[in-house]
Amino acid sequence: MDCIFCKIANKEIPTNLIYEDENVAAFNDLNPQAPVHFLVIPKKHYASLSEIDSKEAFGNIFSAIPKITAKLGIKEYRTVVNTGADAGQTVFHIHVHVMAGRKFNWPAG
Ligand code: AMP
Ligand code: ZN
């Protein structure tokens, strides 16, 4: 399958990972929308949140976030998961955006 985030996760595309464990990887967004903007992905391919089929998969992704933010010394941050094109999803391998370093508006645009 031709999936850019699978290639990052299995290191076919060399990427500076800011966090990695058995199940999850995190790396800086190519087009950051905040002073800190990284993505957390499962190493296993799921096209979107709609395909997540277990608490374990969900937990692996989300439980990595406080570890990474603690390591970076970040206390306040925005997390976003876009699901489907209308929601703004452009890469169809689930990823959680984690953004920090500025004030965020609500509701999101
Ligand atoms: P979304 O629009 O929610 O699907 O988010 C996809 C995100 O992936 C965008 O913020 C892109 O800037 C980012 N992105 C796409 N390709 C790469 C890449 N090779 N490395 C890092 N971030 C990427
Ligand atoms: Zn993938």
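See the structure shown above.
Please read these numbers as outputs of a predicted model, since none were measured by experiment.

Draft legend 1. Just the layout of surface pockets, in detail. Size it by volume and the largest pocket reaches roughly 720 Å³. Considering the residues around the largest pocket, the lining is formed by 30 residues, among which Asp-29, Gln-33, His-37, Asn-82 and His-97 are closest to the centre. Among the elements of the structure, α1 (4-9), β2 (24-28), β3 (36-42), β4 (78-80) and β5 (96-100) are those that each provide at least two residues to the lining of the largest pocket. Considering only residue class, the lining of the largest pocket consists of 13 nonpolar, 14 polar and three charged.

Draft legend 2. Here's a closer look at the pattern of salt bridges. Here the structure, examined in full by the defined rule, presents three salt bridges. Between Glu-20 and Lys-11 there is a salt bridge, and its shortest N-O distance comes to 2.5 Å. Put simply, Lys-43 and Glu-20 hold a salt bridge, and the shortest N to O gap is 2.8 Å. One end of the pair, Lys-43, is in the loop between β3 and α2 (55-72); the other, Glu-20, is in strand β1 (residues 17-20), with 23 residues separating them in the sequence. For Glu-20, a relative accessible area of 36% puts it in the partly exposed group. Three or more residues joined by partner-sharing salt bridges are found here, namely Lys-11, Glu-20 and Lys-43.

Draft legend 3. Highlighting the site of ligand 1. Of all residues adjacent to ligand 1, which total 16 residues, the nearest are Asp-29, Asn-82, Gly-88, Thr-90 and His-97. Residue Thr-90 places a main-chain N or O atom 2.6 Å away from an oxygen atom belonging to ligand 1. Measuring from an oxygen atom of ligand 1, one finds a backbone N or O atom of Val-91 at 3.0 Å. Cavity membership is defined here by more than half of the atoms lying within 2 Å of grid points; on that basis ligand 1 lies in the largest pocket. Elements that contribute at least two residues to the shell around ligand 1 include exactly α1 and β2.

Draft legend 4. A look at the coordination of the zinc ion (ligand 2). Protein-derived ligands of the zinc ion (ligand 2) are Cys-3 (SG), Cys-6 (SG), His-45 (ND1) and His-93 (ND1), with the metal-ligand distances lying across 2.0 to 2.3 Å. Taken together, the four donor atoms coordinating the zinc ion (ligand 2) span angles of 106 to 116 degrees at the metal, a pattern that classifies the geometry as tetrahedral. Its relative accessible area of 16% is what places Cys-6 among the buried residues.

Draft legend 5. Seen up close, unusual backbone geometry. Of the consecutive residues Trp-106 and Pro-107, the connecting peptide bond is found in the cis state with omega at 5 degrees. With respect to the secondary-structure elements, Pro-107 resides in the segment after β5. One non-glycine residue, Lys-11, lies in positive phi territory at about 70 degrees. Checked against the element boundaries, Lys-11 lands in the loop between α1 and β1.

Conventions and cut-offs
- Residues numbered from 1 in each chain as written.
- Chains lettered and ligands numbered in written order.
- Predicted model: local features only at pLDDT ≥ 70, side-chain atom pairs only at ≥ 80, totals over all residues.
- Heavy atoms only, no water.
- 1 Å grid on protein atoms, 1.4 Å probe; cavity = no way out; pocket = protein on both sides within 12 Å on 5 of 7 lines; lining within 4 Å.
- Points joined across faces, edges and corners; volume = space filled by probe spheres on them.
- Helix = DSSP H or I, 4+ residues; strand = E, 2+ residues; numbered from the N terminus.
- Nonpolar A, V, L, I, M, F, W, Y, C, P; charged D, E, K, R; others polar.
- Salt bridge = Lys/Arg side-chain N within 4 Å of Asp/Glu carboxyl O.
- Buried < 20%, exposed > 50% of the residue type's maximum accessible area, 1.4 Å probe, protein only.
- Near = heavy atom within 4 Å.
- Polar contact = N/O pair within 3.5 Å; in protein donor to acceptor, adjacent residues only side chain to side chain.
- Sits in = over half its atoms within 2 Å of the grid points.
- Donors = N, O, S within 2.8 Å, 3.2 Å for Na, K, Ca; no water.
- Tetrahedral: all angles 85-135°; square planar, octahedral: opposite > 155°, others 65-115°.

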